[in-house]
Structure formats: structure tokens, C-alpha cells
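Residues per chain, in single letters:
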Amino acid sequence: MRSVAILSSVHIALDNRVFYREAKTLAEAGYAVNLLAVHERDEVKDGIHIRALPRVPRSRRPLLWRALAQMALETRADVFHIHDPELLLVTPYLRRISGRPTIYDIHEANADFIAVKDYLPGAARRPLASAFRRLEPQLARRENGLIFADDAIAADFKAIDVPHATLFNYPGRDLIERGGRNKVIEGERPPVILYLGGLERNRGAELMLAAFAQVLQVIPEAQLLIVGHFMPPELEDELRQNAAARGIAHAVHITGRVPFVDIGTYLSRASVGWVTWQPYPKNQKNIPTKLFEYMAFGLPVVSSDLPSTRPFVEHGVNGLLAEASDPAAHASALLRVLGDRPAAVSMGQAGRHLVETRFNWDRMVPQLLALYEAVLESAPPE
């Protein structure tokens, strides 16, 4: 049986891409899967052997890399699959010691991500982003295989001639089936606006409250449900204070991060799924995964009109697009969806059809397995 070691010092072990999409797919295909990532304890889940790493402050992560590399080598895996750009510094060691190939899985437009990281000093962001934009492809060129989360990322690495695949973060079969059981009789769903996923300043935290305040003026019973973590963590307090200052705190509900397996609970409560991302370069490239999760549960979508969202939200068909930085445009779109139940149901059904037929992980599975075959076939013999 072929084996793989999946490595991340950043992502939690039960990350929706790392575990629920890729690791489970590989295990179902017959690979022995070892997952080394942030987790509470070692355990076997769904046939995947999880080796737990502690969650440490960002400044101490480099101290984990040596231990992570040793743990990876102990698995005697046939291939190593990394999910963090900083682990590009570890893979040369893994290849040299083990003689086995490595795969780099690129989730984000990382250089553009650096440019909006709040924990970095403002003056340092652009130089660091520029430096990493040059460095990342040079390091990635040494990998045996590359995986991209969207076409914009793939375009940044098109000059690198190694086996590669673009695997969109489409929802898996389990989530789509759960969404199919989300049957709500017309008129029963309360006016709940859902934002699902991590929230940052560049993802529209300020616009979100400004727009929702306008919605409340027309629909006083409306609720805003924010499900996800905040980056940086202090943004949550800022948002709560902002909501209180606007007099809308009673209608804003924040859960914090929830396990991926529990997101259906919140999706089933919602009337509309909201994407408030702002027009920063990263957000214009990377696709919000929440779009597909909303669609899987038959929710109409209101989304910022960005190059990253436009291919998946057809205005008036499965949702509405709003000028990204205009709170009034977002509020108007939300009010249109909440005020026209038949249109909202029709949009939700159209989105649901799209994930059933096009935007689903089953369509990505052959590409992932073909990439693994290509990488293993090109690896040098023992």
C-alpha cells in the first residue's frame, strides 16, 4: 500500500481542504494517510492517522519544523504533501534524507496575502510581499508536484514544468447531501444573514456592519450571524464595539470558529449567504469557499462583485452581486433577497443545482489521484 504524509504547522488537522477533501480522498483511494498538523491529540479518524502538533505562536513555528520533519520521516511515506509556504524550507531536507518526492499545495495568493496581514507593520508589508513573490516560485520549482486552489494561483506558477493540478475548494458529497436535506417550507425561514468563515478587515468587517445597519432599518427582525474566527483576534472586540456604537449589537450573533462538520447547523438557519470581501488583490484572485457552501444548502448568495466571485455568482440567477466597497449596494441586495421569497427560493435552487452538477469535489478527485500517480511515477527508484 502506498503511503503519504501530509504536513502543516499552520492548519488544524480537521481543516476542510486538508482533511475533509484531500486526506479523505486519498484514504478512500487506498493510500495509507498520515496527517501531521495542529490537533489536540494523536488519533485515527476515518482511517487517517493524525499525529498532533501543538498550536504555538507564529514566532515559534520555526521551532516546530525540525520536529515536524523528523515525524514525517518516521512515517516512511512514499510522498510528502505540504500545505504551508514556510515548509518549502523543509522539503529539500525531506527529499535528501528520504529520496521521496514532495508536493506543495498552494491555498492562497501568498504574496498578496502578506500585503494585507494585519500583524505586520504597514511599511513592511509591500517589501515583504514583493520579496516573497520572487522567492516562492524559486522554491516551488524544486518540488515534484504542485497543487493550486484556483486558476489565479496556477497562473502565477505556469512557468514551472512539474506535474500539477488545480483543485477548487468545492464542497464534498457529505456536505451536499446534508444540504439536500435542508428542506424549509416557504415562509418559515427567519431573516438570518449568514457570514461563514474567517473574517478580516480586508474581508469587509466594517462594511458588514454599515450595510446590516441599513437592513435593520427596513427589517427590524433581521439577524446577522457570523460563524468563524477573526484575524487578528482583537478584530472581534472591535466589531462588537462597532455594533454596540451603531445600536445593532442585539441583532449581531458571533459564534467564533466552529468545527467544519458543524457548519451545516448554521447554514440550515440562514436565509441568505453573504460575501463581503473587499477589492484587494488577494481577494480579487482567491475564491471564497463559502460561496459553494451556501449553494450546497440552497441559499441565495449576496456577494461582492469581484473577479474571483463573478464566475460563480450569476447576478439574478443564483444570487446578487453588489459593488464590493459600497454598504448601500450590499444592503439593497440583501433587502431584495429577504423581501422577495419566491425569487430567493429560485436563486437557492439554482445554486444548489450548480453544486450538484458542476461545483463539487467529486469532479476534483480524478485530478488529485492523477497528480499523485504522475508524481510517484516520476520519482527516482529506491
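A.B. asks: Would you mind going over the overall build of the chain with me for this structure?
C.D. replies: The helix and strand tally for the chain stands at 15 helices and 16 strands. The C-alpha atoms of the chain give a radius of gyration of 21 Å, which matches the 21 Å a tight globule of 382 residues would have. C-alpha atoms of the chain, sized along the principal axes, occupy 70 × 45 × 40 Å. Taking all 382 residues of the chain together, 55% fall into the buried category. Across the chain, the fraction of contacts at a sequence separation of at least 24, relative to all contacts at a separation of at least 6, is 69%. As presented, the chain carries roughly 16600 Å² of accessible surface, and 51% of it is formed by carbon and sulfur atoms. The distance from the centre of the 44 positive side-chain charges to the centre of the 44 negative ones in the chain is 3 Å.

A.B. asks: Sorry, what's going on with the pattern of salt bridges here?
C.D. replies: Should their charged atoms come close, side chains of opposite charge can pair. Scanning the model with the defined rule gives 21 salt bridges in all. Between R17 and D105 there is a salt bridge, and its shortest N-O distance comes to 3.1 Å. One end of the pair, R17, is in helix α1 (residues 16-28); the other, D105, is in strand β6 (residues 102-106), with 88 residues separating them in the sequence. With respect to burial, R17 and D105 carry one shared label: buried. Beyond isolated ion pairs, a larger network of salt bridges with shared partners links R17, E22 and D105.

A.B. asks: I would appreciate a short explanation of helix α7 (residues 173-180) in the present structure.
C.D. replies: Residues three or four positions apart in an α-helix share a direction because the helix packs 3.6 residues into each turn. Listing the buried residues of α7 in full gives L175, I176 and G179. End-on view of α7: buried residues confined to an arc of 100°, all on one side of the axis. Of the surrounding elements, those touching the buried residues of α7 are α10 (263-267), α12 (290-296) and α14 (341-357).

A.B. asks: Would you explain the packing of α7 against α14 in this entry?
C.D. replies: Packed helices, taken two at a time, are described by the angle their axes make and the gap between the axes. Following both chains from N to C, one finds α7 and α14 inclined at 150°, their axes separated by 11 Å at the closest point. Of the possible angle classes, the one that applies to α7 and α14 is roughly antiparallel. Here α7 and α14 pass one another in a crossing that is left-handed. Packed against α7, whose contacting residues are I176, G179 and G180, the element α14 presents R352, V355 and E356 at the interface. Among the residues forming the contact of α7 with α14, the class breakdown is two nonpolar, two polar and two charged.

Reading guide: rules and limits
- Residues numbered from 1 in each chain as written.
- Predicted model: local features only at pLDDT ≥ 70, side-chain atom pairs only at ≥ 80, totals over all residues.
- Heavy atoms only, no water.
- Helix = DSSP H or I, 4+ residues; strand = E, 2+ residues; numbered from the N terminus.
- Rg over C-alpha atoms; globule rule 2.2 N^0.38 Å.
- Buried < 20%, exposed > 50% of the residue type's maximum accessible area, 1.4 Å probe, protein only.
- Contact = heavy atoms within 4.5 Å.
- Areas by Shrake-Rupley, 256 points an atom, 1.4 Å probe, with all protein chains shown as cover.
- Lys, Arg positive; Asp, Glu negative; His and termini not counted.
- Charge placed at Lys NZ, Arg CZ, Asp CG, Glu CD.
- Salt bridge = Lys/Arg side-chain N within 4 Å of Asp/Glu carboxyl O.
- Arc of directions from axis to C-beta.
- Axes fitted to C-alpha atoms, helices over the stretch in contact; angles between N-to-C directions.
- Parallel < 35°, antiparallel > 145°, perpendicular 65-115°, else oblique.
- Left-handed = near helix turned anticlockwise from the far one by under 90°.
- Nonpolar A, V, L, I, M, F, W, Y, C, P; charged D, E, K, R; others polar.

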